[in-house]
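The lines below spell out each chain.
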Amino acid sequence: MKKIAVINQKGGSGKTTTVVNTGAYLSLSGKKVLLIDLDPQAHTTIHLGFNPSEIKKSVYDVLVNEISIEDAMVQTKMKNLFLLSSKIDLASAEIELVNTIGREIILRDALKKYKNLFDYVLIDCPPSLGILTLNALTAVNEIFIPIQAEFFALEGLTKLIQTIKIIKERINPDIEISGVIITMYDQRKNICKEVLQKVEKHFKDKVFKTKIRENVRLAEAPSFGQTIITFAPNSYGAIDYKGLVREIIRGETHEKNRIRQRPVKLDNAYNPG
Ligand SMILES: Nc1ncnc2c1ncn2[C@@H]1O[C@H](COP(=O)(O)OP(=O)(O)O)[C@@H](O)[C@H]1O
Ligand SMILES: [Mg+2]
């Protein structure tokens, strides 16, 4: 079971869009996938067509009330795609857990008993490095960082990499940044090319070859409660996420053949300059 956190504390970098559409294409290719919406804004939940106010059990209940993931998750419109949803009460989890010992490993422990129930678990993280994100970082073995190809895109990456390094040293030695995804890419814009060059210089072969192009259909799909697969299957957005998933699955085969990709050195904190 591959457990991947999609993280970038910068809002609007394409986390939710990536979690939803990557999850959808993984499940279309026969993988059994669980998406965990760890953002109190519940965008992944809404994107998949659910109304957060009608949700009975959510990831909040797993973290605060200790109910099992199986009891709280729901099936989406796709056969192999499941969701552990979010709703606004998740925002108070941080405060409610303040006196709980081991509050940063609750999600890890909740996932522990499902060794092979899913092929992939993808976690959509909130735009902060608080207790919810820490729960994601201790629960996964891989991290995908989506980076929007724009001027401020690289701000905050140093802090993120330092946080991951501390988690790796203190709590979760298995964790690696295994993929960097360039989102909202427009090859006509010089700034996009500059961002891409800087990101490739630092993250090297961790950067997925597939760039997610800027595509209005990707931005429209959430308000229809649909993934790009049903909303606009021929759009650039669909083509790009399909390509990304092909790369992810290819990486899986490589791993099985023990061709380990070189991990990103976490001690060299990212220097945007
Ligand atoms: N490739 C893209 N092209 C155009 N708009 C996009 C693309 N990816 C995401 N968006 C839009 O940009 C906004 C931020 O994306 P989102 O995935 O919600 O980011 P995050 O979860 O990191 O805050 C959303 O309105 C989303 O629909
Ligand atoms: Mg989001």
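Structure first, text after, so check above.
Residues numbered from 1 in each chain as written. Chains lettered and ligands numbered in written order. Predicted model: local features only at pLDDT ≥ 70, side-chain atom pairs only at ≥ 80, totals over all residues. Heavy atoms only, no water.

Asks: Requested: an account of the pattern of salt bridges, with residues and values cited.
Replies: As enumerated under the stated definition, the model contains 12 salt bridges in all. A salt bridge links Asp 240 to Arg 213, with the nearest nitrogen and oxygen atoms 2.8 Å apart. Of this pair, Asp 240 sits in helix α12 (residues 236-256) while Arg 213 is found in the loop between α9 (190-203) and α10 (216-220), placing the two residues 27 residues apart along the sequence. For Asp 240, a relative accessible area of 5% corresponds to the buried category. One salt bridge connects Glu 220 with Arg 217, and the closest N-O pair in it is separated by 2.7 Å. Remark: Arg 217 and Glu 220 occur in helix α10; sequence separation between them is 3 residues, near one turn of the helix. Look at Glu 220 and you get partly exposed, because its relative accessible area is 28%. (Salt bridge = Lys/Arg side-chain N within 4 Å of Asp/Glu carboxyl O. Helix = DSSP H or I, 4+ residues; strand = E, 2+ residues; numbered from the N terminus. Buried < 20%, exposed > 50% of the residue type's maximum accessible area, 1.4 Å probe, protein only.)

Asks: Tell me about the side chain of Lys 3, and please be specific about residues and values.
Replies: Mapping Lys 3 onto the fold places it in strand β1 (residues 2-6). Although Lys 3 lies buried, it forms no salt bridge, and the closest oppositely charged side chain, Asp 174, sits 7.5 Å away as judged by the N-O distance. Apart from the residues within four sequence positions on either side, Lys 3 is in contact with Leu 111, Val 121, Ala 139, Val 140, Asn 141 and Glu 142. (Lys, Arg positive; Asp, Glu negative; His and termini not counted. Contact = heavy atoms within 4.5 Å.)

Asks: Got a sec to walk through the site of ligand 1? Specific residues and values, please.
Replies: Ligand 1 sits among 14 residues. The nearest are Gly 12, Lys 15, Thr 16, Thr 17 and Asn 215. In this structure, an oxygen atom belonging to ligand 1 sits 2.7 Å away from a main-chain N or O atom of Gly 12. In this structure, a nitrogen atom belonging to ligand 1 sits 2.8 Å away from a main-chain N or O atom of Asn 215. Contact with the protein chains removes 78% of the 550 Å² of surface that ligand 1 exposes when unbound. For the shell around ligand 1, the secondary-structure elements that each account for two or more residues are α1 (15-28) and α10. When residues of the shell around ligand 1 are assigned to their parent elements, the largest contribution, 3 residues, is made by α1. For the shell around ligand 1, the class distribution of residues is 4 nonpolar, 7 polar and 3 charged. (Near = heavy atom within 4 Å. Polar contact = N/O pair within 3.5 Å; in protein donor to acceptor, adjacent residues only side chain to side chain. Areas by Shrake-Rupley, 256 points an atom, 1.4 Å probe, with all protein chains shown as cover. Nonpolar A, V, L, I, M, F, W, Y, C, P; charged D, E, K, R; others polar.)

Asks: Provide a residue-level description of unusual backbone geometry, including the pertinent values.
Replies: Positioned with a positive phi, Ala 42 is a non-glycine residue whose angle comes to about 55 degrees. Locating Ala 42 in the fold gives a position in the loop between β2 (33-37) and α2 (43-47). For Lys 204, which is not glycine, the phi torsion reads 50 degrees and is therefore positive. Mapped onto the secondary structure, Lys 204 falls in the loop between α9 and α10.

Asks: Just give me the short version of the nonpolar core, but keep the residues and values in it.
Replies: Grouped together as the largest cluster of nonpolar side chains are 54 residues, with contacts concentrated most on Ile 36 and Ile 147. Non-local contacts of Ile 147, meaning those with residues more than four positions away in its chain, are made with Asn 8, Ser 13, Ala 153, Leu 154, Leu 157, Val 180, Ile 181, Ile 182, Thr 183, Val 195, Val 199 and Phe 203. One finds Val 33, Ile 181, Leu 218 and Ala 221 within the second-largest nonpolar core, a separate group that totals 30 residues. (Core = buried A, V, L, I, M, F, W, Y, C linked by side-chain atoms within 4.5 Å.)

Asks: Now, about the packing of helix α7 (residues 131-139) against helix α8 (residues 157-170): what can you tell me, with residues and values included?
Replies: Put simply, α7 and α8 touch, their axes get as near as 10 Å, and they point 55 degrees apart. With respect to α8, the axis of α7 lies oblique. Crossing of α7 over α8 shows right-handed handedness. Contact residues: α7 offers Leu 134, Leu 137 and Thr 138, while α8 offers Thr 163, Ile 164 and Ile 167. For the contact of α7 with α8, the residue count by class is 4 nonpolar, 2 polar and no charged. (Axes fitted to C-alpha atoms, helices over the stretch in contact; angles between N-to-C directions. Parallel < 35°, antiparallel > 145°, perpendicular 65-115°, else oblique. Left-handed = near helix turned anticlockwise from the far one by under 90°.)

Asks: Describe the sheet that holds strand β4 (residues 81-84), with residues and values.
Replies: One open sheet holds the 7 strands; their spatial order is β3-β4-β2-β5-β1-β6-β7, and the pairing between them is mixed. Either end of the sheet is taken by a strand with one partner, and the two such strands are β3 (74-75) and β7 (176-183). Here β1 runs beside strand β5 (residues 120-124); their pairing, made up of 5 bridges, is parallel. Paired with Ala 5 across the strands is Ile 123, a residue of β5. Against the sheet, α9 touches β6 (142-148) and β7, its axis set at about 170 degrees to β7. (Pairing = 2+ DSSP bridges.)

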